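# Results of the structural survey
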Amino acid sequence: MAHAPEPDPATSDLGEERPKWDNKAQYFLSCIGFAVGLGNIWRFPYLCQTYGGGAFLIPYVIALVFEGIPIFHVELAIGQRLRKGSVGVWTAVSPYLSGVGLSSVTLSLLISLYYNAIVAWVLWYLLNSFQHPLPWSSCPPDLNRTGFMEECQGSSAVSYFWYRQTLNITADINDSGSIQWWLLLCLAASWAVVYMCVIRGIETTGKVIYFTALFPYLVLTIFVIRGLTLPGATKGLIYLFTPNMHILQNPQVWLDAATQIFFSLSLAFGGHIAFASYNSPRNDCQKDAVVIALVNSMTSLYASIAVFSVLGFKATNDHGHCLDRDATKKTHTEVENMALAGHGKDSGLQDEPETSSASSTEFDFPEQSISRDDYLAVLMHLNATWPKRVAQLPLKVCRLEDFLDKSASGPGLAFILFTEAVLHMPGAPAWAVLFFGMLFTLGLSTMFGSMEAVITPMLDVGVLPRWVPKEALTGLVCLACFLFATCFTLQSGNYWLEIFDNVAASLNLLILAFLEVVGVAYVYGMKRFCDDIAWMTGRRPSPYWRLTWRVVSPLLLLTIFVAYITLLSQKPLSYRAWNPKYELFPARQEKLYPGWVLAACALLSLLPLLWVPGVALAQLLTRQRRMWRDRNARLDTDTS
């Protein structure tokens, strides 16, 4: 039986009632919108395709069951029970853990900086999608109007629009370049939209979330239906989900599956704690944790079907173009004539003449007698029977698998691969508007949670006087974030965004999640926590929950942390630069980070976590000072 709980902290110290969600749907959609973000669209499909298709789902599900859902349940339960933001929650658990909340706030601020910069890129592409033809469909003319830009001809129109016309990227991170005004305007517009949506907290986001959380599912459904009707879609899906069980022997697969679950659910940001703090105290947080986590994972699978059906169409289309190129057409004719000549002789395919040529004039047969579908099969057959003659041909190997292998994650998928695939679809501008509109709303929903993770703790601890309206505090936070994020609008901004994503987020989130689950299980107390859940939900946590909180989740997070550090130490930090003067261009040039950038990386990786030991040490010194003061006061009393 649960013990009688402490008085419910539903009101603040000043007696003001805490805001509440208008209904359960607002809370549910807000959590879904915060969890389901850009990573579900451009990272999960890439990992699934890279690591053995369906086989990747095995470590993914294991990580979901023993890492993702248990930690997610902890955040929802502790936020709902204590009804405070991250700083207030961890201060209530133990004053020595106050730094965990401050670290979450700092980390959410850092992630908001670069995440909304990505939203600004999406907005730029969305605005450019309202024209026909799309601006990335062809190379622009050179200055003399006598040809096309050399950099574009050496790469592709899609890559040129991304790297040159959007980012205008420098060839080295040491060259910061100038601020790109079009990106600055998009960044300002993105922060303005975020401010308008979060201006009054859940009162405003709760209204907007109906659109920003549901619209992506509508677009995904449209893309799934359209994608499955495109030629080559089935090949893309087969290639995506065909299991390769041998790849499970690679430890990198398990590490990426665990980290994907972790980041996909937006754990340790503090956003879910803030959202749950506005819940009814008797809400079934256990059911919410399971349902939201499953919806998040199913969304990733659903997005994979939409993405790879379209990419399968793109690969089939590119494969057909490869076979149809002028040089290949010539070879096609020669192979065709060889095949017809070989079949015209009784033993020609068995005994190849020592001196033979593959000239199209050698055989008097009609051209294009072999279809594109049969071309590769005939070529493989001739290579086995007429190897010397086939070796003389200027063959360009066109394999569908090679085109399906050209996948990417992150911005490379959204701004290069998928945008190129859209070009091949009838009504390309409409599909581009839908796609980037979906990404824009996905980004906004995630930003709502990130900003709530920052603003709610500030309101709880009273950063500004109570007479300062919440709208002013929100405006100051958004303005400060915009000013700091202008660094991502520099020509080197993309390089710095990758640093923030790879260095600032990963390590900090792993450590914070470990401290969260250990803090609840061993500092707050498992019995007390289980009693709280029993009071809120009407049932005590099962042995599965208690075991994962006490043992499995902490060990799993510790293992991921050690593996991450090990992999990080094995290879020096580097970045891939877009350099038109690189001899292997359009391949990106691998470069090592200079010393001053490595120092910045170390600062970003340590800055949020410095709150944890700093606050704990400050609490310890304060306690020692209080003890000395009390001791001296007693001595003075005794002597008098």
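In this report, the structure presented in the accompanying data block is examined. Owing to the predicted nature of the structure, the values given are computational and were not obtained by experimental measurement.

## Description of the overall build of the protein chain
Regarding its fold elements, the protein chain presents 25 helices and two strands. Within the protein chain, buried positions represent 53% of all 640 residues. Approximately 28100 Å² of the protein chain is accessible, and the part contributed by carbon and sulfur atoms is 63%.

## Considering helix α6 (residues 98–128)
Because each turn of an α-helix spans 3.6 residues, side chains separated by three or four positions end up pointing in the same direction. End to end, α6 covers 46 Å across 31 residues, agreeing with the expected 45 Å (1.5 Å per residue, within 8%). Where α6 bends most, at S112, the angle is about 25°. Among the 31 residues that make up α6, 28 are buried, leaving the element largely enclosed by the rest of the structure.

## Focus: the packing of aromatic side chains
One pass over the structure, following the stated rule, counts 39 aromatic pairs. Ring geometry for W121 against W162: centres 5.2 Å apart, planes inclined by 80°, an arrangement best described as edge-to-face. Residue W121 is located in helix α6, and its partner W162 is located in helix α8 (residues 157–166); the two are separated by 41 residues in the primary sequence. Of the two residues, W121 and W162, both sit in the buried class.

## Here's the deal with the side chain of Q180
In this fold, Q180 is placed in the loop between α8 and α9 (181–198). Looking at Q180, its side chain comes within polar contact range of the side chain of N168, at 3.2 Å. Beyond its immediate sequence surroundings of up to four residues, Q180 is in contact with L167, N168, T489 and Q491.

## Structural notes on the pattern of salt bridges
All chains considered together, the criterion is met by 13 salt bridges. Measuring nitrogen to oxygen at the nearest pair gives 2.5 Å for the salt bridge that ties D531 to R540. Of the residues examined, R540 reaches a relative accessible area of 38% and is grouped as partly exposed.

## As for the packing of helix α22 (residues 493–537) against helix α23 (residues 543–570)
Where α22 meets α23, the closest approach of the two axes is 10 Å, and the angle between their N-to-C directions is 165°. Classified by the interaxial angle, the pair formed by α22 and α23 is roughly antiparallel. Along this stretch, α22 crosses α23, giving a crossing that reads as left-handed. Of the residues in the contact of α22 with α23, the class split is 21 nonpolar, three polar and two charged.

## Topic: the nonpolar core
Core analysis: the biggest nonpolar cluster contains 175 residues, and W191, F436 and L439 have the highest contact counts within it. In terms of residue count, the dominant contributor to this core is α22 (23 residues). Once you skip the residues sitting within four places of it in the chain, W191 turns out to touch S112, N116, M447, M451, C478, C481, F482 and A485.

Rules and cut-offs
Residues numbered from 1 in each chain as written. Predicted model: local features only at pLDDT ≥ 70, side-chain atom pairs only at ≥ 80, totals over all residues. Heavy atoms only, no water. Helix = DSSP H or I, 4+ residues; strand = E, 2+ residues; numbered from the N terminus. Buried < 20%, exposed > 50% of the residue type's maximum accessible area, 1.4 Å probe, protein only. Areas by Shrake-Rupley, 256 points an atom, 1.4 Å probe, with all protein chains shown as cover. Expected span 1.5 Å × (residues − 1). Bend = angle between axes of the 7 residues up to and from the residue. Phe/Tyr/Trp six-rings, centres within 6.5 Å; stacked < 30°, edge-to-face > 60°. Polar contact = N/O pair within 3.5 Å; in protein donor to acceptor, adjacent residues only side chain to side chain. Contact = heavy atoms within 4.5 Å. Salt bridge = Lys/Arg side-chain N within 4 Å of Asp/Glu carboxyl O. Axes fitted to C-alpha atoms, helices over the stretch in contact; angles between N-to-C directions. Parallel < 35°, antiparallel > 145°, perpendicular 65-115°, else oblique. Left-handed = near helix turned anticlockwise from the far one by under 90°. Nonpolar A, V, L, I, M, F, W, Y, C, P; charged D, E, K, R; others polar. Core = buried A, V, L, I, M, F, W, Y, C linked by side-chain atoms within 4.5 Å.

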